[in-house]
Amino acid sequence: MNLLSLGEKTVKLAEKLGADECEVYLTSVDGNSITFADKIESVGSFSSTGLGVRLIVNKRIGFYSTSSLSDKATKQAVRTALAIAKASNQNHEWVSLPTRTGKAQVKGVFDKEIEVMKPSVIADAVALIIDGVHGYDKRLALTRSSISVGVGKDAISNSYGTSLERSESFASASVEVKAEEAGKKGAAGESRLTRNWGEIDFQALFCPAAERALKAMDAKSIASERMPIVWMNDVFARILSVMFGGTLSADSVQSRRSPWAGRLESQISSDNFNLVDDGLREAGVGTREFDDDGIPQQMTPIISKGILKNFLYDNYTANKDKVLSTGNAHRSYTSFPTPYPNNLTLKPTNVRLEELIEETEHGLYVTETIGEWLSNPISGDLSATVTNGFLIEKGELTQPVKDVIISGNFFKIINGGINLIANDLQNSGSTYAPSIRVAEMALTESK
Amino acid sequence: MLDLIKSLIDRAQKIGASYADIRYQSGNSSTITIENGLLKRYESSELSGIGIRVIVDKAMGFASSTVLEPRLLSKKVTQAVKLAKTSKKRAETTILSETRTKKASAKSSFKRDPDSVSHEERISIALDANKAAMTEGIRNSTTRLGWFHEHRLFLSSEGSEVTTETMMTGLSQSSVATHNGVMESVYDGESSCAGFEFILSNDWCDFTKKVAESSLQAVKAKTPPAGVYEVVSDPDLIGLILHEALGHASEGDLVITNESVLQGRLGQRVASPTVTIVDDGLVEGGYFLPYDDEGVEKTRQVVVDHGILKGFLQSRDTAHRMVSSTTGNARAQGFGSRPIVRQANFFMEKGDHSFEELVEGIDEGLYIRGKGAMGGEVDVGLGAFTFRCGPSYIIKHGKVGEMVRSVSVSGLVLETLKNVSRVGKDFEIRTSLFGGCGKSGQMVRVGHGGPPVRIDKMSIGGS
């Protein structure tokens, strides 16, 4: 299907029917997935399409979307969007749809291997994992695991001559391993989300999960106290995403929801905490030639040497602040664009994770948590329940730990709390972080 | 469409499927978002598609599409059959338990179709509600008015033909307040499986004002010290905890893989004798689920009866594997996902204590509340849960006192349920248009709630 020509045709139709400006966003995704435990539970394929029409009549915005790309559905979408626009209040802050669109140079976001991949290739990877886990230790079994791959195409057309199309691929693998022996149980998981099939080492993926699941059989809670915490890279990436994913957006700043409003060029963290939004990262999960407004993605410094440097903009919020968009528009075809980080990245150092642990006299190494997403990005209150971790004694991992709640204030943690940052960058979704060590946080035994 | 689907099922059988079912879904949904007195977005969409599930030599294949052309759908059927064959050597044996073939249709009750209300009126209801909450000290006021109307049709090679029509409407409010450099946000929503009459008959300005007041109070509130407390939970929070920590553990698929803390405990005591817990498809205030996505009638399932674990929630596949009867709990987010075991409306039955009786005798405790809670998460295997409560209250000398904020609770569900000492006689079930329950990447709407309860020991993570 030719998304671009359908987009252009739909923009023209909207203009003919009375829209001052119109934008059409189109998407199509095809992929395969296998869900498995010790055996394959289901093999599936999915195809979906969608089209969203955004149009403006005298500063009144109308929007409608449909999963069908048929002629009839497209025309109906335009008509409904027009009706909604006419019924809507004027938005006096409206300037225009994006006019400075185009593509950036990016690498590694489309994997041809995935485009032509036969489901049997995925089944082979699944077999590798199943046999691997069973061969690793007879006390291990797999639970709720899956591998998915897909390719997607998105296109944007608008009244200012924008006619852009991008192709992307993704591969994801999630492996959950449980260990059981004489009434003792342990579980652990590993997951990867990448642009390319070759980036996932299926042979190695389950090993850390298998090892942690075995150890977790002897995990205990520990008494409440304050101690240094080493956060494993992907756990800390999730916390970064919760704490900064929404509040760095110019939208949340403009609507006074962000605690960072009015703090530009002020010091909000220690020198060692350097945060960027790298929209051009090679093979980054959030790397795209252009954002969902059609604006080229870029590298945007967020916190440099402790100073807050930028917020993240899409076209609408940039127009409102009379600045240029940072290329951070994100949307699905059913929604308006809104600013969101592309690849939020905490800069790593050259210190190894092992050194973080070796240099800790008495502390906790946290490898899996639940509930960290319940932390509050507005007040900075951070809490997470550890489901997998290890006590660190004299620089070595000792007793496996579970069922303790860690709490603290994230704003204080980034401002003086983090005393070591490692070199082991890992992503959770499109947030990239190395492992870090916080000097001291409160632990509460969970009973 | 019906004839096309029937011909696709025939085709699946002709090319090797011993069983096939097809789900066709169509509908529309809308959300109007108002922020700080301005119409921010009016998002409206329609969605339709087909999901094809086949069993070939006891292996399962699945294919879905939003393109509804007969030729392409026929190809999708072939693809689903081929995919099932891909896993043949390593496939888990899928046998669907016997169930009565159904020819039925059900519709959630609604009087006013949203389409009968003008765009202008819909916008003005949301705008008025939003402006009412923009009181002094409020930094941000966001109101969402939403509704959807959905048809689901299920057909199987066994002859089942089930249609359900669901309409839902709701309004949510999020208010952010600031005080002395502290910011706090409080969120609440009211939703109902009903038509626009639900929106037209409620005083939403009053509702949003209360959320704003709660945020203004919360921002000045303290956080209680971490520790173990005697608590009284409101219906909302105990409902959330039950859904997450016990509901998921009672899902048959997680029991089979031995991931659930409830595995091997059937017939054993898992809660205090005052506790009875049920999953049901049709409850006042809850989500509307007369049939599941395998065309099976959703029946009332008692999970815990006076503290004893009595049963699990099942799909046809897990029911067969566990030699149990089906409960109608196979649900899919939509046509693009395969049905897995999910809860419907999971709740505790009411007891006979008044609220005063729940609080009396507590010298120093907390009244923990779900209203405005951010949600929670659970480790199903450990039965460990953690929740961020909404604005809550100190209990001192048997009386509810000052508000506290940023309270999180955590614990092990089986310990917690054994510590339920009194169950209230009030009862409330809620559902939400704006959120839902996630599992294996699929979101479905559920209902939760029950009575307020007293729990003798609960870990509170605080300051």
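Residues numbered from 1 in each chain as written. Chains lettered and ligands numbered in written order. Predicted model: local features only at pLDDT ≥ 70, side-chain atom pairs only at ≥ 80, totals over all residues. Heavy atoms only, no water.

A. Layout of the overall build of chain B. What chain B contains, in helices and strands, is 10 helices and 26 strands. A compact globule built from 463 residues would reach a C-alpha radius of gyration of about 23 Å, and chain B, at 24 Å, matches this within 12%. In chain B, which comprises 463 residues, the proportion classed as buried is 63%. Each charge class in chain B can be summarised by its mean position, and for the 56 positive and 57 negative side chains these summaries are 6 Å apart. (Helix = DSSP H or I, 4+ residues; strand = E, 2+ residues; numbered from the N terminus. Rg over C-alpha atoms; globule rule 2.2 N^0.38 Å. Buried < 20%, exposed > 50% of the residue type's maximum accessible area, 1.4 Å probe, protein only. Lys, Arg positive; Asp, Glu negative; His and termini not counted. Charge placed at Lys NZ, Arg CZ, Asp CG, Glu CD.)

B. The arrangement of the pattern of salt bridges in detail. Residues and elements named next belong to chain A. One pass over the full model with this rule turns up 57 salt bridges over all chains. Glu-168 is paired through a salt bridge with Arg-195; the nearest N and O atoms lie 3.7 Å apart. One end of the pair, Glu-168, is in strand E5 (residues 163-181); the other, Arg-195, is in the loop between strand E6 (184-194) and helix H5 (202-216), with 27 residues separating them in the sequence. With respect to class, Glu-168 is no different from Arg-195; both count as buried. The salt bridge partner of Arg-212 is Glu-368, with a shortest N-O separation of 3.4 Å. Linking Arg-212 in helix H5 with Glu-368 in strand E14 (residues 362-370), this pair joins segments that are 156 residues apart in sequence. Looking at Glu-368, the relative accessible area reads 17%, which means it is buried. Among the charged side chains, a network of salt bridges with common partners joins Asp-154, Arg-166, Glu-168, Arg-195, Arg-288 and Asp-292. (Salt bridge = Lys/Arg side-chain N within 4 Å of Asp/Glu carboxyl O.)

C. Region of interest: the pairing of strand E17 (residues 384-388) of chain B. All names here are of chain B. Most of E17 is tucked away: five of the five residues are buried. The side-chain alternation of E17 yields two buried faces, one formed by Ala-384, Thr-386 and Arg-388 and the other by Phe-385 and Phe-387. Direction of pairing for strand E16 (residues 375-379) relative to E17: antiparallel, over a ladder of five bridges. Paired with Val-378 across the strands is Phe-385, a residue of E17. Between the antiparallel neighbours E16 and E17 lie four residues, among them Gly-383 with a positive phi of about 75°. Taken together, the five bridges between E17 and strand E20 (residues 408-412) define a ladder with antiparallel strand orientation. Along E20, the bridge assignment pairs Ala-384 with Leu-412. (Pairing = 2+ DSSP bridges.)

D. How the structure looks around the domain arrangement of chain A. Residues and elements named next belong to chain A. Domain parsing of chain A yields domain 1 (3-213) and domain 2 (219-447). The C-alpha-based centres of domain 1 and domain 2 are spaced at 24 Å. Summed over both partners, the interface of domain 1 with domain 2 comes to about 3,400 Å²; 57% of that surface belongs to carbon and sulfur atoms. The three residues of domain 1 that bury the most area against domain 2 are Phe-63, Arg-166 and Arg-212, which together make up 17% of that side's buried surface. At the boundary of domain 1 with domain 2, the tally comes to six salt bridges. Of the charged contacts in the structure, one is a salt bridge between Arg-166 and Asp-292, with a shortest N-O distance of 2.7 Å. For the interface between domain 1 and domain 2, the tally reads 19 residue pairs in polar contact (both at pLDDT 80 or more). Only strand E1 (21-36), strand E2 (40-57), strand E3 (60-66), strand E4 (140-158), E5 and E6 provide two or more residues apiece to the side of domain 1 that touches domain 2. (Domains from an automatic or database assignment. Buried area = accessible area lost by both parts, 1.4 Å probe. Polar contact = N/O pair within 3.5 Å; in protein donor to acceptor, adjacent residues only side chain to side chain.)

E. Quick peek at the interface of chain A and chain B. With 68 residues of chain A at the contact, the number on the chain B side is 71 residues. Buried area between chain A and chain B, both sides added, is near 6,000 Å², and the carbon and sulfur share of it is 50%. For the interface between chain A and chain B, the tally reads six salt bridges. Taking the shortest distance from any N to any O, the salt bridge between Glu41(A) and Arg338(B) comes out at 4.0 Å. Linking chain A with chain B are 37 residue pairs in polar contact (both at pLDDT 80 or more). (Contact = heavy atoms within 4.5 Å.)

F. Representation of helix H2 (residues 71-87) of chain A. The first and last C-alpha atoms of H2(A) sit 25 Å apart over 17 residues, in line with the 24 Å expected at 1.5 Å per residue. Buried within H2(A) we find Ala73(A), Thr74(A), Ala77(A), Val78(A), Thr80(A), Ala81(A), Leu82(A), Ile84(A), Ala85(A) and Ala87(A). Elements in contact with the buried residues of H2(A): helix H1 (3-16), E2 and E3 of chain A together with strand E2 (38-56) and helix H3 (119-132) of chain B. (Expected span 1.5 Å × (residues − 1).)

G. Highlighting the sheet that holds strand E10 (residues 307-308) of chain A. All names here are of chain A. With mixed pairing, the six strands of this open sheet are ordered in space as E10-E9-E8-E13-E20-E19. On the outer flanks of this sheet lie E10 and strand E19 (426-428), each paired with one strand and no other. Of the pairings in the sheet, the one linking strand E9 (residues 299-304) to E10 comprises two bridges and is antiparallel in character. If you follow Ser-304 over to E10, its bridge partner there is Ile-307. Across the sheet, helix H6 (residues 233-244) is in contact with strand E8 (275-278), E9, strand E13 (344-346), E19 and strand E20 (431-433); its angle to E20 comes to roughly 130°. (Axes fitted to C-alpha atoms, helices over the stretch in contact; angles between N-to-C directions.)

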